[in-house]
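# Examination of the molecular architecture
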Amino acid sequence: MKVHYLTDACVVLEYNNKKIICDPWLSESVCYGGLYHYPPLKLKIEDYMDMDAIYISHIHEDHLDSNTLKFYDKKIPVLIHCYEEKHVMNKLKSIGFENIIELGHKESYFLDNEFSIEILAADNCDPLICHKFFGCQVSQGYEKSLQIDSMAVFKGGKHVVVNTNDCPYELSFPINKYIKEKYHSIDYLLTSYNGASPYPQCFENFTNAEKLIEKEKIRLKCLNRLVQYCKDLQPKYVLPFAAQRVIGGEQWNLNKYTATTHFENVEKEVCVLLEKSNVDTDVMMLNSGDYLNLSNGIKSNEFSPPSKEEREKYISNTLSAKPYSFDFEKIEEKNLLEDFCIAQTRMNHKFKNVYHNMEVQTTVYINANQGYLYKIPMNGEKCEVVLEDEMIEPFLRITLDYKLLYLILNRKAHWNNAEFASLLKFYRKPNVFEKSVHHMISYLHK
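### Some words on unusual backbone geometry
The omega torsion of the bond from Tyr199 to Pro200 falls at 5°, within 30 degrees of zero and hence cis. The topology assignment puts Pro200 in the loop between strand E13 (188-192) and helix H5 (208-233). Following Lys429, the chain continues to Pro430 via a peptide bond in cis, the omega torsion being 0°. Its identity as a non-glycine residue notwithstanding, Tyr32 has a phi of 65°, on the positive side. Within the fold, Tyr32 resides in the loop between strand E4 (29-30) and strand E5 (35-36). A positive phi angle is found at Asn278, which is not glycine, with a value near 55°. Residue placement: Asn278 occurs in the loop between helix H6 (266-276) and strand E16 (282-283).

See the structure below:
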């Protein structure tokens, strides 16, 4: 069995002349031109068309990239988790795929008699875990995953590869015991090691010096998640991957504050942490386009990352000049209060049907640089237009480009993708993270 690493979270698993590609992102950028590959992508999409199946872990654009997927034969099997929310299914249908296969939690798909993929829900389909992680009460009537993430286990002959994608350890750790008991020996663990959120770089509560402190806390937390996965699953090898993207365009300077362990430092730092934790797992980094042969433990080339100087030069000289996709939109500016009233009604309806006993007193204020704010109460009160000095605590203020806001409200863009691309600025008072508020905002569109 061979594991080919392409870029970010995109890998190809190969066994018995069968190939499955995971989360193919082989275009230059995603999230409205806000996120780019690093190291810069040099692979050609046409070299990775001969696949027998595609696995899509979740909806985020660095895992589900329309500009890459449009090149594939629309009859190819596309494997996804059977989510309660059909975002992934609907997106794939809109691209034109005809053979989308939803796998339930712990359900397997066989590419041949000895090559299988088992897809697992990030929360182990356990509402109590979701409740603790998101700070909200989930309807006990739901048997499917209410989360947006999934992980997968690939078995080719006697070899086993676990791909956790972006699943946070705090949400997913209960499933590790199941994986270990079922598969016993894990050859290769593919797991994220970086933060994928706008925190702390987009939070205006912090000075630049404070952002650097917060960045280091989150960065180490993410590395320790990787170590925890290794402790539980005891893989022979681990590939720290995913979330290696960098910010492009006008916000390029935010890269210095993202919770990222830079590519040139990953191997050394992870090795040190694993040794300190007495975890007997070897870090097996791969260059883009290279592979590891699990039959003999030999990789196609030695790992050779770019230098710090190369990275900084590429971001400042090349990515800083990149435009955003919404820059080219011709949208006449207007007051969006009516749109927000419609969006708020939809958001409240969604949460009434999925969640119960949720009380959110925080008010969201949206600043699109129009000289006033849109007040969006989370407790059911009506939306209105207010001035900056009329904000009432507790609140979360979100600042973004007007064109991007218009596209989000009209479902041509999404809050989550804008957030991941660091295109939103946040200011909260008190300075406390309220997960349920951020979760609710994702439904704030018409």
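Text resumes after the structure shown.
### A closer look at the pairing of strand E3 (residues 18-22)
Consecutive side chains of a regular strand alternate in pointing toward one face of the sheet and then the other. Where strand E2 (residues 10-15) meets E3, 5 bridges bridge the pair, whose relative direction is antiparallel. Within E3, the residue paired with Leu13 across the bridge is Ile20. Joining the antiparallel neighbours E2 and E3 is a turn of 2 residues, in which Asn16 adopts a positive phi near 50°. Inspection of the sheet shows E3 paired to strand E6 (residues 53-55) by 3 bridges, in the parallel sense. Pairing of Ile20 across the sheet is with Ala53, part of E6.

### Some remarks on the sheet that holds strand E15 (residues 246-247)
The 3 strands are arranged E4-E5-E15 in an open sheet whose pairing can be described as antiparallel. Each edge of the sheet is formed by a strand with only one pairing partner; in this case those strands are E4 and E15. For E4 and E5, the ladder comprises 2 bridges, and the chain directions are antiparallel. By the bridge assignment, Ser29 is partnered in E5 with Tyr36.

### A closer look at the confidence of the model for the protein chain
Model confidence for the protein chain is summarised by a mean pLDDT of 92, while 93% of its residues fall at 70 or above. Below a pLDDT of 50 lies the segment residues 129-145, which in the model reaches 45 contacts outside its immediate sequence neighbourhood of four places, other chains included.

### What about the pattern of salt bridges?
Side chains bearing opposite charge may pair, as long as their charged atoms lie close to each other. The tally for this structure, following the rule as stated, stands at 17 salt bridges. Between Asp339 and Lys446 there is a salt bridge whose closest N-O contact spans 2.9 Å. With Asp339 in helix H8 (residues 337-354) and Lys446 in the segment after helix H11 (435-441), the pair connects residues that are 107 residues apart, well separated along the chain. Taking the relative accessible area as the measure of exposure, Asp339 reaches 6% and is therefore buried. Judged by relative accessible area, which is 31%, Lys446 ranks as partly exposed. Overlapping salt bridges bring together Glu204, Glu388 and Arg397 as one network.

### Describing the environment of Val238
Note on placement: Val238 falls in strand E14 (residues 237-241). Of the residues examined, Val238 reaches a relative accessible area of 0% and is grouped as buried. On a C-alpha basis, the gap between Val238 and Tyr365 in space is 43 Å, while along the polypeptide they are 127 residues apart. Look past the residues within four positions of Val238 in its chain and what remains in contact with it is Tyr188, Leu189, Thr191, Leu226, Cys230, Leu274, Thr281, Asp282, Val283 and Met284.

### Describing the sheet that holds strand E20 (residues 373-377)
Strand order across the open sheet formed by 5 strands is E21-E20-E19-E22-E23, with mixed pairing between neighbours. Whereas interior strands pair on both sides, the edge strands pair on one side only; in this sheet they are strand E21 (384-386) and strand E23 (425-429). The average undirected angle you get between the axes of adjacent strands in this sheet is 25°. Here strand E19 (residues 363-367) runs beside E20; their pairing, made up of 5 bridges, is antiparallel. Bridging across to E20, Val364 finds its partner in Ile376.

Cut-offs applied
Every residue gets a number counted from 1 within its own chain, in the order that chain's sequence is written. Confidence filtering applies because this is a predicted model: local features only for residues at pLDDT of at least 70, side-chain atom pairs given and counted only at 80 or more, and all residues used for totals across whole chains, interfaces and linings. The basis for every side-chain value is the complete set of heavy atoms in the structure, and neither hydrogens nor water enter the calculation. By the criteria applied, helices consist of DSSP H or I runs no shorter than four residues and strands consist of E runs no shorter than two, each listed in order from the N terminus. Strands are treated as partners if at least two bridges between them are detected by DSSP. Per-residue confidence from the predictor is given as pLDDT, running between 0 and 100. We call two residues in contact whenever any of their non-hydrogen atoms come within 4.5 Å of each other. Should a side-chain nitrogen of Lys or Arg be within 4 Å of a carboxyl oxygen of Asp or Glu, the pair is scored as a salt bridge. Only protein chains enter the accessibility calculation, which uses a 1.4 Å probe; a residue whose area is less than 20% of its type maximum is buried, one above 50% is exposed, and one in between is partly exposed. Note on geometry: axes are lines fitted to C-alpha atoms, helical ones only across the stretch in contact, with angles between N-to-C directions running from 0 to 180 degrees.

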